[in-house]
Structures are given as C-alpha cells and as structure tokens.
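As a plain string of letters, each chain reads:
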Amino acid sequence: MANVAFLGLGVMGYPMAGHLQAAGHSVTVYNRTTAKAEKWVAEHGGRFGATPADAVKDAEFVMACVGNDDDLRSVCIGENGALAAMETGALFVDHTTVSAAVTRELYAVAQEKGLNFVDAPVSGGQAGAENGQLGIMCGGDQSAYDAAEPIMAVYAKACRRLGDSGAGQLTKMVNQICIAGVVQGLSEGLHFAERAGLDAKAVVDVIKTGAAGSWQMENRYETMVDGKFDYGFAVDWMRKDLGICLDTADENGASLPLTALVDQFYKDVQNMGGGRDDTSSLIKRLRALNAD
C-alpha cells in the first residue's frame, strides 16, 4: 500500500479518492473548499492538508482532478504548490482535462525537480467515478506510467498509455470530439421522432441494439425524452473541453467543422440557462427552436 495525496474533491475526485482509501492506501486530500475535505475525511478516514504542499508531504503518488489549466497550474506551481513540496522520485498523476500545452509545461517542471509526471484524463462521468469504472488515457514516460497504473487501477475500467507527455490529453480531446457529434445526432433523432408523432422511447428500444446504438443512447435516451438533465457532465465543462479541442485543431491543422458547430449549440444551451445541465441537454435547444 502507498502514501497517496489527492488534490481536488469535485464530483469526480471525491469518489476517486474514496476508492483509494477503501483499497487500503493511506490518503491525504486537499480541496480549495476546506469544508469538503473535512467531510471527505469524516466519511472515509485519512487526513486533509490545508494546502497542496501540506497534502503531498511524504506522498509517493499525488493524484489531481481539478477544473482547468489555471487550476492545475495553481495546485502544481502556485503559492504552496505541490511540485515544490514533493519528494524526489515521487509521481504526479493529473486526471484533469486540460490542454496538452500545460501538461508538457508541468511535465518539464517536474523533470527539473526530479519528479515524475503522467497526464491521465478520465472518461466515464460521475457514475464511472463512483463505481470505479473510468476509462483513463495516459501520456508520459513508460516507467512512470508503469508505476502509476496499479494505483489508478483502483478506479479504472480501462487504463492505457498512448505516448509521451500530452498524449493522454490529446486522446481525451478525441473522446470529447466523438461525444459531441454523437449527442447531437441522438438529440436530432429523438426530436425527429417526437415531431413525427412516434413514441420516442419505443423507437430507441428497437434501434439501440443495431448500428445506431451508443453509450449515450443506452444511458441517456429516457432522461432526454423526459426532459431531465441532471445526470452527468455539465455543459459548462463540455464547452471548456471543446474549446481546448478547437484551439488544438487550429495548431495542428485538423478540420473539426461538426465539433465547432456543436460547440455553438452548447453555447445556445448556456444562453438558455442550461450551463449546469448535462451534455444531453442539446435536445432542449431543438425543442425551443421548433416549439409550437
């Protein structure tokens, strides 16, 4: 068993850290809102640190799951940041979805300090985190990944190294690009069924086992038909991720016309007040456009 620090106790990090403690690791947590860290310790045991630097003392592995590039920089190299306080040879694993550029920046800082750094964004949403069934896409040195993989296995359904530093983040971009198109297609299909006077749930029950089937269809069609959008990854966070995808595409020359379009559709949902709704709320926009 290992000494592990976990930085960031949002909807993903909170259960992920819990899995580590339940597996027998000695876990110290940090959260920007101290009350949440105190609550976690009351539920799971372990301890909490007042700052990232405090939390990572004596940690062999430091896992992070925060909000965005700036949040990650803050916990890593900001005031009382983690990297300056970690012991030589310790390993930082970043589960945040951020740009590949900030990943490579922090990887270089870690290397200078004699530390290891793996970018390891996750997919599977809150349910995947709670059930320990996340997909984890990793970038970094092979030796660092090999050391981190048994720790991540506690909450992983699948975990794989895709290449050098930044490769995990680039793979997560592929994931988000694919999700955006699938959710828009599912939204249009359900909306069409409704406008055609069909029982949309019955329609999906027929088509979901065929070529049209997808995870989104299997897990979201009923709540989409019912107009319930509190079941997963928020629109605000999806727009952050798609912004990273589009910025990276500008750099590498990839053409992402559908992703750019769906990003604007999500902006429409935000303007409707749906920024905290889950990503399947794209169908709300279609219903609003075609309301009788």
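Note: the structure precedes this text.
These remarks concern the structure in this document.

Rules of the game
- Once a new chain begins, its residue numbering starts again from 1 and follows that chain's sequence as written.
- Residues qualify for local features only when their pLDDT is at least 70, as the model is predicted, and side-chain atom pairs are given and counted only at 80 or more; totals for whole chains, interfaces and linings, by contrast, use all residues.
- No hydrogens and no water enter the side-chain calculation; it runs on all heavy atoms of the structure.
- Strands here are runs of E lasting at least two residues and helices are runs of H or I lasting at least four, both read from the DSSP assignment and numbered beginning at the N terminus.
- For every residue, the accessible area obtained with a 1.4 Å probe (protein chains only) is divided by the maximum for its type, and the residue is called buried under 20%, exposed over 50%, and partly exposed between those limits.
- Comment: arc refers to directions from the helix axis out to C-beta atoms.
- When checking whether two residues touch, look at their non-hydrogen atoms; a contact exists if any pair is within 4.5 Å.
- Identification of polar contacts relies on pairs of N or O atoms within 3.5 Å, with a donor-acceptor requirement for protein atoms, meaning one able to donate a hydrogen and the other able to accept it, and with residues adjacent in sequence counted only if both atoms are side-chain atoms.
- Here a salt bridge means any side-chain nitrogen of Lys or Arg lying within 4 Å of a carboxyl oxygen belonging to Asp or Glu.
- Any pair of Phe, Tyr and Trp rings, taking the six-membered ring for Trp, is counted once the centres come within 6.5 Å. Such a pair is stacked with planes under 30 degrees apart, edge-to-face with planes over 60 apart, and tilted for the rest.
- Criterion for a charge above a ring: Arg CZ or Lys NZ at most 6 Å from the ring centre, at most 35 degrees from the ring normal.
- Under this rule, positive means Lys or Arg and negative means Asp or Glu; His and the chain ends count for nothing.
- Axes, fitted as lines to C-alpha atoms, cover a helix only where it is in contact. Angles between the N-to-C directions of the axes lie from 0 to 180 degrees.
- Put simply, angles under 35 degrees are roughly parallel, angles over 145 are roughly antiparallel, angles from 65 to 115 are roughly perpendicular, and the rest are oblique.
- Amino acid classes used here: Ala, Val, Leu, Ile, Met, Phe, Trp, Tyr, Cys and Pro are nonpolar; Asp, Glu, Lys and Arg are charged; the rest, including Gly, are polar.

Let's shift gears to unusual backbone geometry. Glycine aside, the phi torsion of most residues is negative, and most peptide linkages are trans. Of note in the backbone geometry, aspartate 58 takes a positive phi value of approximately 70° without being a glycine. Phi angles above zero are rare outside glycine, and asparagine 80 is one such case at about 60°. Summarising the element assignment, asparagine 80 is placed in the loop between helix 4 (69-77) and helix 5 (82-85).

A word on helix 4. Within helix 4, burial applies to Asp69, Asp71, Leu72, Val75 and Cys76. Down the axis, helix 4 shows its buried residues gathered within 165° of arc, on one side only. Contacts from the buried residues of helix 4 go to strand 1 (3-7), strand 2 (26-30), helix 3 (52-55), helix 5, strand 5 (91-94) and helix 6 (100-112). One side-chain oxygen at the N-terminal end of helix 4 lies 3.1 Å from the backbone nitrogen of aspartate 70; it belongs to asparagine 68.

The next point concerns the pattern of salt bridges. Enumeration according to the criterion identifies 14 salt bridges in this entry. Taking the shortest distance from any N to any O, the salt bridge between aspartate 70 and arginine 73 comes out at 3.7 Å. Highlighted residues: aspartate 70 and arginine 73, both in helix 4, separated by three residues, approximately one helical turn. In this structure, aspartate 236 engages arginine 276 in a salt bridge whose closest nitrogen and oxygen atoms are separated by 3.8 Å. Linking aspartate 236 in helix 12 (residues 235-252) with arginine 276 in the loop between helix 13 (257-271) and helix 14 (282-289), this pair joins segments that are 40 residues apart in sequence. Classification of arginine 276 by relative accessible area gives exposed; the value is 55%.

Next up on the list: the packing of aromatic side chains. Applying the stated criterion across every chain, the model contains one aromatic pair. With 5.2 Å between their ring centres and 5° between their planes, phenylalanine 92 and phenylalanine 117 make a pair best called stacked. Separated by 25 residues along the polypeptide, phenylalanine 92 in strand 5 and phenylalanine 117 in strand 6 (residues 116-119) bring together distant segments of the chain. Residues phenylalanine 92 and phenylalanine 117 agree in their burial class; the two are buried. Directly above the aromatic system of phenylalanine 265 lies the positively charged group of arginine 285, at a separation of 3.7 Å from the ring centroid.

Turning to its location among the elements, lysine 172 is positioned in helix 9 (residues 167-195). The side chain of lysine 172 is buried and forms no salt bridge, while aspartate 241, the nearest opposite charge, is found at 4.5 Å. Engagement of the side chain of lysine 172 in a polar contact is seen with the side chain of threonine 97, the distance being 2.6 Å.

Turning to the packing of helix 10 (residues 200-207) against helix 11 (residues 215-226), a few remarks are in order. It is at 10 Å that the axes of helix 10 and helix 11 come closest, and there the two elements cross at 170°. Considered as vectors, helix 10 and helix 11 are oriented roughly antiparallel to each other. Seen from helix 10, the contacting residues are Ala200, Lys201, Val204 and Ile207; seen from helix 11, they are Met217, Tyr221, Glu222, Val225 and Asp226. When grouped by side-chain class, the residues that make up the contact of helix 10 with helix 11 number six nonpolar, no polar and three charged.

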